[in-house]
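Coordinates in review
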Amino acid sequence: MAPPWVQELHLPHLTVPVTIDAMYPVMPSHPIPVQYGDTLYLSNLDDMIGARVFTPTVYFYQQTTTNSCANSQKPIVKTLQDALADVLVPYYPLSGRLRETSNGKLEVFFGPSQGALMVQAHSDVALSELGDLTAPNPTWEPLIFKFPNEEPYKVLDMPLVIAQITIFRCGGFSLGLRLCHCICDGLGAMQFLGAWAATAKARTLVTNPRPIWDREVFKPRDPPHIQFPHMEFRKIQEGSNLTMSLWETKPLQKCYRITREFQNLIKSLAMPRDGYGCTTFDAMAAHVWRSWVNALDVRPLTYDLRLTFSVNARQKLRNPPLKEGFYGNVVCVPCTTSKISELVNPERLSETTRLVREARLSVSEEYLRSTVDFVDLERPKQLEFGGKLTITQWTRFSIYKCADFGWGRPLYAGPIDLTPTPQVCVFLPEGQDGSGGDSCSGGGSMIVCICLPESAAHKFTQAFMLLDNSKFTH
């Protein structure tokens, strides 16, 4: 029997006992081109409020006698530690710390505290006891190291790379990684991760491409020129019950495996009528947004809600083009709005898809430069979640391919817990597809992860799977 086009993945509630055995500072293994007291410039794209976070990810590996690893006789932690020390030479900014300048802008500083942090841990459970290693599970949180009493969103004076290696009873292990988003966006993180993994596998430094810092290419213009309204940063008074509905109880993290066939179906149903087409991402984003708002029963129906999503702007840059190997933030966050009454109407899905498409296509070199100038003048100080859903697309990241340290590709690679920011939805690549390729462009299945209160979970599932729309039209 063929598998269903949409499969809800049930996340088991687990207790994962983890014991911290040791912590090691990891310094670059050779001299780096900075001295004590030196600083490095961060662009306003690196310093956007949404980038002032650590991105936590976890990678599971099953160690067996058939692993083709040149380091199979070398302890896991030592292999990863030595490779990290080597890769921190070309990626030396990740061995510094962040500090604020007098105007509140961030910079990388090389002072008394330097280096990455590696944490060695073990667990008395086996990988097989963690359930389905297909979708992120918030109960895996002990596999990611946090300092005792660490403040939320703390990035100042923190190691910029924090890696916890947890050895399981079965001999398998996990790498729990926290990378500071101020230093690299998703593609930049994949570049760093790929270099670290290739270095561990080859037992010699491998960097392809050679990393480029070059953050000055995104310095603000003089005088600044803001050409767009940049609704993604604007504070909007919450005029609906969205936030209250979402936080009435602790939100649940729901995950769904979405086949290529279902993505194609949604695209056909959501195709805008203007003849200009759409991408699968446009259609899936519109469908997820509609289903989420419908499930939360947001009121009043006349209120405008926002959708924001991340767009890689690398290919938009021509003056000058980015150098190969640049690993900083080159992400814009376009925004679109829709009245609730129009958003939840299944007959208007094509119009919602058009709105997403237009927002995505609005990202240009001029939009990115305007973003840089806006942040320089306004410098937003807090994340604005009111009245909106934010979608982050990881399906374009070759996360499984990049993360082969010599023990094969990970069983799972990705985030753990979305519930601290429940108005964020993530599109993840399906691990069994191997490449972690662009599922939203027809590369295979993907995982959609979204947060809802328990009272709305069933309604979302019904709407998302089209079970509430026997007369669904576009």
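Residues numbered from 1 in each chain as written. Predicted model: local features only at pLDDT ≥ 70, side-chain atom pairs only at ≥ 80, totals over all residues. Heavy atoms only, no water.

Convention followed: UniProt positions are given in the numbering used here, feature names are shortened, and annotations may be inferred rather than shown by experiment.
You'll find the protein entered in an unreviewed UniProt entry as Omega-hydroxypalmitate O-feruloyl transferase, with Arachis duranensis given as the organism. As its UniProt record puts it under Sequence similarities (unreviewed entry), the protein is described as follows: "Belongs to the plant acyltransferase family."

**A few points about the pattern of salt bridges**
This is how the line gets drawn: Whenever Lys or Arg places a side-chain nitrogen within 4 Å of a carboxyl oxygen from Asp or Glu, that contact is recorded as a salt bridge. For the exposure calls, accessible area comes from a 1.4 Å probe over protein chains only, and a residue counts as buried if that area is under 20% of its type's maximum, exposed if over 50%, partly exposed in between.
In the structure shown here, the tally under the stated rule is 23 salt bridges. Between Glu 358 and Arg 357 there is a salt bridge, with its nearest N and O atoms 2.6 Å apart. Judged by relative accessible area, which is 36%, Glu 358 ranks as partly exposed. According to the relative accessible area criterion, Arg 357 is buried, its value standing at 4%. Between Arg 379 and Asp 376 there is a salt bridge whose closest N-O contact spans 3.2 Å. Classification of Asp 376 as partly exposed rests on a relative accessible area of 30%.

**What to know about the sheet that holds strand β3 (residues 39-41)**
Filter applied, for reference: Paired strands are those between which DSSP finds at least two bridges. Secondary structure is summarised from DSSP: a helix means a run of H or I of at least four residues, a strand means a run of E of at least two, and numbering begins at the N terminus for each. Note on geometry: axes are lines fitted to C-alpha atoms, helical ones only across the stretch in contact, with angles between N-to-C directions running from 0 to 180 degrees.
Read from one edge to the other, the open sheet built from three strands follows the order β3-β6-β5, with strand pairing classed as antiparallel. Taken across any chain shown, the strands that pair with only one partner, and hence form the sheet edges, are β3 and β5 (97-100). Strand-to-strand twist across the sheet, computed as the mean angle between neighbouring axes with direction ignored, equals 40°. Examined bridge by bridge, β3 and strand β6 (residues 106-109) share three bridges and lie antiparallel to one another. Across the sheet, Thr 39 pairs through a bridge with Phe 109, a residue of β6.

**As for the nonpolar core**
Here is the rule: Among buried residues, those of type Ala, Val, Leu, Ile, Met, Phe, Trp, Tyr and Cys that are joined through side-chain atoms within 4.5 Å constitute a nonpolar core. Boundaries of every domain are those given by an automatic assignment or by a domain database. Residues count as neighbours in contact if any of their non-hydrogen atoms are within 4.5 Å of one another.
By size, the foremost hydrophobic cluster in this structure holds 85 residues, and its most contacted members are Phe 60, Leu 98, Ile 183, Trp 196 and Phe 405. Among the elements that take part in this core, helix α2 (residues 186-202) stands out by supplying eight residues, more than any other. When residues are assigned to domains, this core turns out to be shared by domain 1 (10-218) and domain 2 (231-465), each giving three or more. Here Leu 98 is in contact with Leu 42, Leu 106, Glu 107, Val 108, Val 155, Leu 156, Asp 157, Leu 160, Cys 180, Cys 182 and Ile 183, once residues within four sequence places are set aside.

**Considerations on the state of the cysteines**
Threshold: The disulfide definition used here is simple: a pair of cysteine sulfur atoms within 2.5 Å.
By the definition in use, this model includes zero disulfides. Sulfur of Cys 425: no disulfide; nearest cysteine sulfur belongs to Cys 449 and is 7.5 Å away. Not part of a disulfide, Cys 451 finds its nearest cysteine sulfur in Cys 255, a span of 8.4 Å. We classify Cys 451 as buried; its relative accessible area is 0%.

**A look at the environment of Val 217**
By the secondary structure assignment, Val 217 is in the loop between α2 and α3 (242-246). When the C-alpha positions of Val 217 and Asp 282 are compared, they lie 30 Å apart, and in sequence the two are 65 residues distant. Not counting residues up to four positions away in its chain, the partners in contact with Val 217 are Pro 320, Leu 322, Phe 326 and Arg 369.

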